[in-house]
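Observations on chain architecture
In case you want the letters, here they are:
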Amino acid sequence: MQDPSAAPVVIVSNRGPLSFVTEAGRPVPRRGSGGLVSGLAPLVESGRASWIAAAMSEADRAAARPDGVATGEGLQVRLAEFDADLQRRYYDEVSNSTLWFTHHGLFDRVRAPAYDADWRASWDAYRRVNEVFADLVVEHAPAGATVLVQDYHLTLVAAAARGRRDDISFVHFHHTPFAGPSDLEVLPPEVRAELLEGLLAHDTCGFHTERWATNYRDCVRRFIGTDAATFASTLNSDLQDLRHVASGPACIRAGAELDQLVGDRMLIARVDRMELSKNIVRGFDAYGRLLERRRDLHGRVVFVAACYPSRLGVADYRRYRDEVVAAAESVNQRFGNPRWRPVELAEDDDFPRSVALLQRYDVLVVNPIRDGLNLVAKEGPALNVRDGSLLLSTEAGSHSELAPAVDSVFPFDLEATADAMERALDRDPAARSRLAGELRELVARRTPADWLSDQLAAAGEVAH
Ligand code: G6P
């Protein structure tokens, strides 16, 4: 086997670096945002890495015809195509409704999960999709490649490819939290074992923090009875990429609109997918409690929440969207008046506007129930120009890195969250500047390239 730190690389993920939209009947590429793409794209552009992902839409499928490879924005991605039923079962039912809930501790165990023959058909579909990805790896990975498998959708790829290409090293990276043994107990025993055996088929598994790595090792020890190889490596966004967006015309326009909206009020902000784990409703409830006790803040603060719909194929997400809208509305009805709307909820996914919001906040709210990392908690401090404060959940992976310079909150405690918002809004300029400076320093410590080299180094350490 060649040295993995110099070997060709194959990235395997559910969502690829490009997504296509249909314009005038043709698929038009859009480059995905976030650390994963900005971290890995240079390797793909240089020709050293190739990428395999799932086609997520009709436009993606059209872009990949006829040979399964889609190109755009200097990138090339091989897209695996699945029929609608297989896709729904693998992505909506197993990945997002079962595994995501398990790893984030989201189940209300009185009502869910409830396994039946239909769910088992979905697990078969999940296994089938993983096998298709494995077939593509076996067929297309260059000799001696290091294959970097990303996230909970694809835990069984290495197990399905093993024995057919012994020249390949496999590294798995979980971007979500990993459930501890008591949370993993909600999976059917045979599924739990298959999942853990699937992960063990990799040379090593990576996580954003040691906390999730420990959970995984504990699960393997408890349910399989062996030790597991792990590494912890945190991802950061590409700050140059973000600053490029920040200096672009769309962001400047969005910033001017935001200035108009906010005026000389203080700005509380959040940027999230409408995602159950993000705890958006409790965030608005806590803000309501703050407005209840601090009449002097009425008219002097506004909470701008850029929260865009996500995974609408799943009923729980559709319901959650309605709950988020209702929670924002309730604060507005209780406290608003013709001259002041306390919450502005923006539901369209507008990246330049999100960047503008991150530049301008006084308080950024990141209060997830549990989160593998949370990149917004790093992007915000890097972009912010007002010495804003960061309110951060102790359950976000990034908390372990940023704790010394944030207002930590236990995400289920409404009063404590309101206290933290209050403390941040009242902070004097000198303390704001000191904390913001510390945060900027903490988030600039690593680049996406560091995360990538950690994965390759992890493959190297276990290579034989
Ligand atoms: C998280 C997961 C990713 C996923 C992303 C967006 O960050 O770790 O794997 O791609 O959410 O979710 P989606 O289901 O829209 O791809």
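Residue positions are counted from 1 within each chain, in the order its sequence is given. Restriction of local features to residues with pLDDT of at least 70 applies here, the model being predicted, together with a cutoff of 80 or more for giving and counting side-chain atom pairs; totals for whole chains, interfaces and linings are based on all residues. In computing side-chain values, all of the structure's heavy atoms are included and hydrogens and water are not.

Quick look at the site of the ligand
The environment of the ligand is formed by Arg-15, Tyr-91, Trp-100, Asp-151, His-153, His-175, Thr-176, Arg-273 and Arg-311. In protein, a polar contact requires one atom able to donate a hydrogen and another able to accept it; more generally it is a pair of N or O atoms within 3.5 Å, and residues adjacent in sequence count only if both atoms are side-chain atoms. In this structure, an oxygen atom belonging to the ligand sits 2.7 Å away from a side-chain N or O atom of Arg-15. The separation between an oxygen atom of the ligand and a polar side-chain atom of Asp-151 is 2.5 Å. Per-residue and other accessible areas follow the Shrake-Rupley method at a 1.4 Å probe size, with only the shown protein chains counted as cover for residues. Starting from 380 Å² of accessible surface for the ligand in isolation, the protein chains cover 73%. In the scheme used here, Gly and all other residues not listed as nonpolar or charged are polar, with Ala, Val, Leu, Ile, Met, Phe, Trp, Tyr, Cys and Pro taken as nonpolar and Asp, Glu, Lys and Arg as charged. A class-by-class count of the residues in the shell around the ligand yields two nonpolar, three polar and four charged. Nearness is defined per residue: one heavy atom within 4 Å of the molecule or strand is enough.

Comments concerning the environment of Phe-178
Within the secondary structure, Phe-178 is located in the loop between β8 (169-174) and α6 (181-184). Separated by 31 residues in the primary sequence, Phe-178 and Thr-209 place their C-alpha atoms 10.0 Å from one another. Only runs of H or I of at least four residues qualify as helices and only runs of E of at least two qualify as strands under DSSP, and these elements are numbered from the N terminus.

Structural notes on the domain arrangement of the protein chain
All domain edges in this entry derive from an automatic or database-based domain assignment. For the protein chain, the assigned domains read domain 1 (9-235 + 448-463) and domain 2 (239-443). Each of domain 1 and domain 2 has a C-alpha centre, and the two are 29 Å apart. With both sides pooled, the region where domain 1 packs onto domain 2 buries about 1,800 Å², and carbon together with sulfur makes up 56% of that total. When the buried surface of domain 1 facing domain 2 is broken down by residue, Trp-100, Phe-101 and His-104 rank first, second and third, together holding 23% of it. Definition used for salt bridges: Asp or Glu carboxyl oxygen within 4 Å of a side-chain nitrogen of Lys or Arg. Counting across the domain 1 and domain 2 interface gives two salt bridges. Buried area: the accessible area, evaluated with a 1.4 Å probe, that two parts lose upon being put together, summed over both parts.

Observations regarding the packing of aromatic side chains
Stacked, tilted and edge-to-face are the three classes applied to pairs of Phe, Tyr and Trp rings, where Trp contributes its six-membered ring and a pair requires centres within 6.5 Å; stacked means planes under 30 degrees apart, edge-to-face means over 60, and tilted covers the rest. What the rule picks out here adds up to 16 aromatic pairs. Each ring, one from Phe-101 and one from Phe-107, has its centre 5.3 Å from the other, and the planes form 40 degrees; the classification is tilted. The same class applies to Phe-101 and to Phe-107, which are both buried. Judged by centre distance (6.1 Å) and plane angle (10 degrees), the ring pair of Trp-119 and Trp-123 falls under stacked. Here Trp-123 and Trp-119 lie together in helix α4 (residues 117-140), a separation of four residues that amounts to about one turn. One aromatic cluster is present, formed by Phe-82, Tyr-90, Tyr-115, Trp-119, Trp-123, Tyr-126 and Phe-133 through successive ring pairs. Charge-over-ring placement is defined geometrically: NZ (Lys) or CZ (Arg) within 6 Å of the ring centre, and within 35 degrees of the ring normal. One Lys or Arg, Arg-311, reaches over the ring of Trp-100 and ends 4.1 Å from the middle of that ring. Only protein chains enter the accessibility calculation, which uses a 1.4 Å probe; a residue whose area is less than 20% of its type maximum is buried, one above 50% is exposed, and one in between is partly exposed.

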